Amino acid sequence: MEEKLSVSKIKSKLNTEFFGRKIHHFSVTDSTNSLAKENPQEPDGTVFIAEKQLKGRGRLSREWLSEQSEGIYMSVLLKPSIPPEQIPKITLVAGLSATVALNKISSENVLIKWPNDCVINGKKICGILTELSCLPSENTVTVGIGINVNNTLFPKDLKSKATSLLLETGRTYSREDIVSLILSEFEKRYIIFLNQGFSALAAEYSRLCVTLDREVEIISPSERYTAYASGIDSEGRLLINLSDGVKAIDSGEVSVRGILGYV
Ligand code: BTN
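Residues numbered from 1 in each chain as written. Predicted model: local features only at pLDDT ≥ 70, side-chain atom pairs only at ≥ 80, totals over all residues. Heavy atoms only, no water.

(A) Spatial organisation of the state of the cysteines. A full pass over the atoms with the stated rule returns zero disulfides. Unpaired in terms of disulfides, Cys118 finds its nearest cysteine sulfur in Cys126, a separation of 3.7 Å. Since its relative accessible area comes to 0%, Cys126 is described here as buried. (Disulfide = S-S within 2.5 Å. Buried < 20%, exposed > 50% of the residue type's maximum accessible area, 1.4 Å probe, protein only.)

So, in structure tokens, the structure goes:
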């Protein structure tokens, strides 16, 4: 059995002004995203983190496997004063930050599968679910981050597309180190995003994006087609080449798959 997280260890390594200054740690909960959404009175940057989730949620109504103390299940409560249409971009900022942080500790290269999955060797190790609650006084945004860290077993249906840091690199990791690194990288980029917009992060994002310069399948509720992914624009949209020109697609309800596999 893995050890439980130590909040004081996380805090001792944090390099932030307000992310993670307050951390609520739970042994078990339904979903840390639900906890964050139920506590909008908490300060900007408050973190909710759990050893295990009973109803971990993923994007597009999927389930997020949340085994006891093997992975990281955390949500950051944010209160950005930006127009609501800018809010989905926070997911890209979080994905970029997690990728940068994971590259600092992993011996294997970590890349971003657009819009916000972190992948190693073509398989997913981290996913992000951003949820917005509109209150009369302010908008609160919950950024939920799930990372497969020391997991060794995945159900059959996930094996071909999900993996963990341990499985890919052959060693175990301190979850505290990863949490503090991610919060530090995320706060840095979140402040840049609030002050300068996503365009200030687009070049770094593109460098780490595994979805680019390849043929991908675009899956939306109404259609499914293949196209060549040629870039990321200053708004974080994926640029795809079609016979009638270049189209920019928003992350919203769209899934992108590789032609041969998950990436
Ligand atoms: C995805 O589908 O890729 C997003 C997965 C997000 C999972 C995290 S784990 C912490 C937080 N709580 C949840 O219920 N979901 C997010």
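(B) Fine view of the packing of aromatic side chains. Applying the stated rule across the entire model yields six aromatic pairs. On the numbers, 6.5 Å between centres and 55° between planes, the contact of Phe18 with Tyr190 is tilted. Placement of Phe18 in the loop between helix H1 (7-13) and strand E1 (23-29) and of Tyr190 in helix H5 (residues 175-196) is noted, with a sequence separation of 172 residues between them. Aromatic side chains Phe19 and Phe186 sit 5.1 Å apart centroid to centroid with 85° between the ring planes, which places their arrangement in the edge-to-face category. Taken together, the residues span a long stretch of sequence, with Phe19 in the loop between H1 and E1 and Phe186 in helix H5 at a distance of 167 residues. (Phe/Tyr/Trp six-rings, centres within 6.5 Å; stacked < 30°, edge-to-face > 60°. Helix = DSSP H or I, 4+ residues; strand = E, 2+ residues; numbered from the N terminus.)

(C) Spatial organisation of the nonpolar core. In this structure, Ile90 and Phe186 are the most contacted members of the largest nonpolar core, which totals 62 residues. Sort the elements by how many residues they give to this core and helix H3 (residues 89-105) lands first, with nine residues. Excluding residues within four positions of it along the chain, Ile90 makes contact with Leu78, Pro80, Ile82, Val141, Val143, Phe186, Tyr190 and Phe193. (Core = buried A, V, L, I, M, F, W, Y, C linked by side-chain atoms within 4.5 Å. Contact = heavy atoms within 4.5 Å.)

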